[in-house]
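Secondary and tertiary structure notes
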Amino acid sequence: MDKKQAALELRRALQLFVNTLTDEGTMMEVASLYPQWSAGQAYSAGDIVRYGENADGEPQLYRVAQGHSSQAAWTPDASASLFTAVGFTEDGTSVWTQPTGAHDAYQTGDVVEYSGQKYRSTIDNNVWAPGVYGWEQVV
């Protein structure tokens, strides 16, 4: 087996694995492993696709809300009846995900949802989980 074939098979194995994830924070940590949305594709309800970037400049994931064959004008960011953004609550609050470094650390004033509660970062470059350090609960 050549290296290209091995790489393709590894990518497919990882995509099968990520489809078993249910925690949105974990899903966002490995967002680049999900398949890119494309037009002319048959999607089933519950499928996860990657399209564009979120407010943090990271790949944005979407959950397919209802099965359909995609069309160029039905992009995930413009078709709320077909897709739901992953990593955000219904009111648009980001779901907390563990930062991997300074480039994606939370800044003062960032609001996230964590374990069903909303928290605001009280410090810049915050890499701690809410409740550990640098967060205040939003009431």
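Refer to the structure above for everything that follows.
Throughout what follows, the structure given in this document is the object of discussion. (Residues numbered from 1 in each chain as written. Predicted model: local features only at pLDDT ≥ 70, side-chain atom pairs only at ≥ 80, totals over all residues. Heavy atoms only, no water.)

On the basis of which strands lie adjacent, the open sheet formed by 4 strands has the order β6-β7-β8-β9 and mixed pairing. With partners counted over all chains shown, the strands left at the sheet margins are β6 (94-95) and β9 (135-137), one partner each. The pairing of strand β8 (residues 117-121) with β9 spans 3 bridges and is antiparallel. By the bridge assignment for β9, Tyr119 is matched with Gln137. (Pairing = 2+ DSSP bridges. Helix = DSSP H or I, 4+ residues; strand = E, 2+ residues; numbered from the N terminus.)

Glancing now at the side chain of Ser79. Within the secondary structure, Ser79 sits in the loop between β4 (68-69) and β5 (83-85). Assessed through its relative accessible area of 8%, Ser79 is described here as buried. Apart from the residues within four sequence positions on either side, Ser79 is in contact with Ala73 and Trp74. (Buried < 20%, exposed > 50% of the residue type's maximum accessible area, 1.4 Å probe, protein only. Contact = heavy atoms within 4.5 Å.)

Turning to the nonpolar core, a few remarks are in order. With 10 residues, the main nonpolar core is built from Val18, Leu21, Met27, Met28, Ala31, Leu33, Tyr34, Ile48, Leu61 and Val86. Once residues within four sequence positions are removed from consideration, Leu61 is found in contact with Met27, Met28, Ala31, Tyr34, Ile48, Val49, Arg50, Thr84, Ala85 and Val86. By size, the runner-up hydrophobic cluster in this structure holds 7 residues, among which are Trp37, Tyr62, Leu82 and Phe83. (Core = buried A, V, L, I, M, F, W, Y, C linked by side-chain atoms within 4.5 Å.)

Glancing now at the packing of aromatic side chains. One pair of aromatic rings is described through two measures. These are the centre distance and the angle between the planes. Here the structure, examined in full by the defined rule, presents 6 aromatic pairs. With a centroid separation of 6.4 Å and an interplanar angle of 80°, the aromatic rings of Tyr62 and Phe83 are classed as edge-to-face. In this pair, Tyr62 sits in strand β3 (residues 59-64) while Phe83 sits in strand β5, placing the two residues 21 residues apart along the sequence. Of the two residues, Tyr62 and Phe83, both sit in the buried class. Each ring, one from Trp96 and one from Tyr114, has its centre 5.3 Å from the other, and the planes form 85°; the classification is edge-to-face. One end of the pair, Trp96, is in the loop between β6 and β7 (111-114); the other, Tyr114, is in strand β7, and 18 residues separate them in sequence. Ring pairs connect the aromatic residues Trp96, Tyr114 and Tyr119, which therefore count as one cluster. (Phe/Tyr/Trp six-rings, centres within 6.5 Å; stacked < 30°, edge-to-face > 60°.)

What follows concerns the environment of Ala13. Within the element layout of this structure, Ala13 appears in helix α1 (residues 3-18). Of the residues examined, Ala13 reaches a relative accessible area of 42% and is grouped as partly exposed. Taking C-alpha positions, Ala13 is 28 Å from Trp74, a pair spaced 61 residues apart along the chain.

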